[in-house]
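Structure at a glance
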Amino acid sequence: MSATRTDDSYDARVAQILAELGIPAAYGVDRHMPSYAEARDLVSVGMDIYGRDRQLTPHAAGRWTELRVAAHRDGIALLLVSAFRSLEYQRKIFERKIRAGESLEHILKVNAPPGYSEHHTGRAVDLTTPGCPPLAEEFETSAAFAWLVRHAHRLGFAMTYPRENRFGIAYEPWHWAVQE
Ligand SMILES: [Zn+2]
């Protein structure tokens, strides 16, 4: 995976947000995490499971539709939990968790900080299926996950954070991204 090129002003914004959240400036280097630019060209892909309108890049939106239709054809329902997220959105996730008393160390195990979330690219989706709690590891025991492992790569998707990934991010069987 290659880091998406970012410009100086974007890097400065990311650095400022990290400082405000108390995250070391060397986070990306230390964790081998690529930084990601925010996608500019986005289209709606409909509602997520919470009824929020979600967006992806036009290319990823097309891929997501193909994935969903192919799964449906095989009797699998794929539901959207999250898609594009801006720097500000990612910052709010951190602020909410910090306010709720979670330690930064714990948050960073399950959330990439602003600037380092693959959701900024508009190519990543978090998925679930009926009867499965969202963003839970037990998604890996679902028929939907087994289907994804078998078919998603054919439609251009890959799991970004498998078990024991080199970024030190918790295993995320629900997080899939369209490869460039
Ligand atoms: Zn995700």
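Note: the structure precedes this text.
What you see is a predicted model, and the numbers here were worked out from it, not measured in a lab.

Conventions adopted
- Per-chain numbering applies: the sequence of each chain, read as written, is numbered from 1 onward.
- This being a predicted model, a pLDDT of at least 70 is required before a residue's local features are given, and a value of 80 or more before pairs of side-chain atoms are given or counted; all residues contribute to the totals for chains, interfaces and linings.
- Here the side-chain values reflect all heavy atoms present in the structure, with hydrogen atoms and water set aside.
- Numbering of helices and strands starts at the N terminus; helices are DSSP runs of H or I of at least 4 residues and strands are runs of E of at least 2.
- This radius of gyration counts C-alpha atoms alone. The globule rule is 2.2 Å times how many residues there are, raised to the power 0.38.
- We call a residue buried when its accessible area falls under 20% of the maximum for its residue type, exposed when it is over 50%, and partly exposed in between, using a 1.4 Å probe and counting protein chains only.
- It only takes one pair of heavy atoms within 4.5 Å for two residues to be counted as in contact.
- Each accessible area is a Shrake-Rupley estimate made with a 1.4 Å probe; only the visible protein chains count as cover when residues are assessed.
- Only four residue types enter the charge count, namely Lys and Arg as positive and Asp and Glu as negative; His and the chain termini do not.
- Every charge is mapped onto a representative atom, which is NZ of Lys, CZ of Arg, CG of Asp or CD of Glu.
- Here the arc refers to the directions that run from the helix axis out to each C-beta atom.
- Metal sites are built from N, O and S donor atoms within 2.8 Å, or 3.2 Å for Na, K and Ca, and they leave out water, so they may look incomplete.
- When DSSP finds two or more bridges between two strands, those strands count as paired.
- We define a nonpolar core as any set of buried Ala, Val, Leu, Ile, Met, Phe, Trp, Tyr and Cys residues linked to one another through side-chain atoms lying within 4.5 Å.
- Only centres within 6.5 Å qualify two rings of Phe, Tyr or Trp (six-membered ring in Trp) as a pair; their planes then separate them into stacked at under 30 degrees, edge-to-face at over 60, and tilted for everything else.

1. Notes on the overall build of the chain
A count of helical and extended segments in the chain gives 6 helices and 6 strands. The secondary structure elements of the chain, listed N-terminal to C-terminal, are α-α-β-β-α-β-α-α-β-α-β-β. Computed over its C-alpha atoms, the radius of gyration of the chain comes to 16 Å, within 12% of the 16 Å expected for a compact globule of 180 residues. In terms of its C-alpha atoms, the chain occupies a principal-axis envelope of roughly 45 × 35 × 30 Å. Looking at the 180 residues of the chain, the share that counts as buried comes to 48%. Looking at the chain alone, contacts between residues at least 24 apart form 70% of all its contacts between residues at least 6 apart. Carbon and sulfur atoms provide 53% of the accessible area of the chain, an area that totals close to 9,100 Å². Within the chain, the 23 negative side-chain charges are centred at a point lying 3 Å from the centre of the 21 positive side-chain charges.

2. Thoughts on helix α6 (residues 143–151)
Of the residues making up α6, those classed as buried are Ala144, Phe145, Trp147, Leu148 and His151. Down the axis of α6, the buried side of the element spans an arc of 160°, and every buried residue falls inside it. For α6, the exposed residues lying more than 90 degrees away from the buried face are Ala143 and Arg150.

3. Overview of the coordination of the zinc ion
The coordination sphere of the zinc ion contains the protein donors His119 (NE2), Asp126 (OD) and His175 (ND1), at a distance range of 2.0 to 2.1 Å. One chain supplies every donor to the zinc ion, and in sequence these donors are spaced H-x6-D-x48-H. Take His119: its relative accessible area is 2%, and that puts it in the buried class. Assessed through its relative accessible area of 4%, Asp126 is described here as buried.

4. Examining the pairing of strand β6 (residues 175–178)
Residues His175 and Ala177 line one face of β6 and the alternating positions Trp176 and Val178 line the opposite face, and both faces are buried. Pairing analysis gives 3 bridges linking strand β4 (residues 124–128) to β6, with the strands arranged antiparallel. In the strand pairing of β6, Asp126 is matched with His175. Relative to β6, strand β5 (residues 157–159) is paired through 3 bridges, and the arrangement is antiparallel. Across the sheet, Met159 pairs through a bridge with Trp176, a residue of β6.

5. Notes on the nonpolar core
Within the largest apolar cluster, 27 residues are counted, with the highest numbers of intra-cluster contacts made by Trp64, Leu67, Leu78, Trp147, Leu148 and Phe157. Counting only elements with at least two residues in this core, the list comes to α3 (58–73), β4, α6 and β6. If one sorts the elements of this core by residue count, α3 sits on top with 6 residues. Residues contacting Leu148, with those up to four places away along its chain left out, are Leu67, Leu78, Leu127, Phe139, His153 and Trp176. Val14, Ile23, Tyr116 and Phe167 belong to the second largest nonpolar core, which has 17 residues in total.

6. Overview of the packing of aromatic side chains
Under the definition given, this model contains 4 aromatic pairs. Pairing Tyr27 with Tyr116 gives two aromatic rings, centres 5.3 Å apart and planes at 70°, and the pair type is edge-to-face. In this pair, Tyr27 is assigned in helix α2 (residues 27–31) and Tyr116 in the loop between α5 (104–110) and β4, connecting sequence segments 89 residues apart. The class of Tyr27 is buried, set by a relative accessible area of 3%. Residue Tyr116 is classed as buried on the basis of its relative accessible area of 11%. The interplanar angle of 70° and the centroid separation of 5.9 Å between the aromatic rings of Phe139 and Phe145 together place this pair among those described as edge-to-face. Of the two residues examined, Phe139 and Phe145, each falls in the buried class. One aromatic cluster in this structure is built from Phe139, Phe145 and Trp176.

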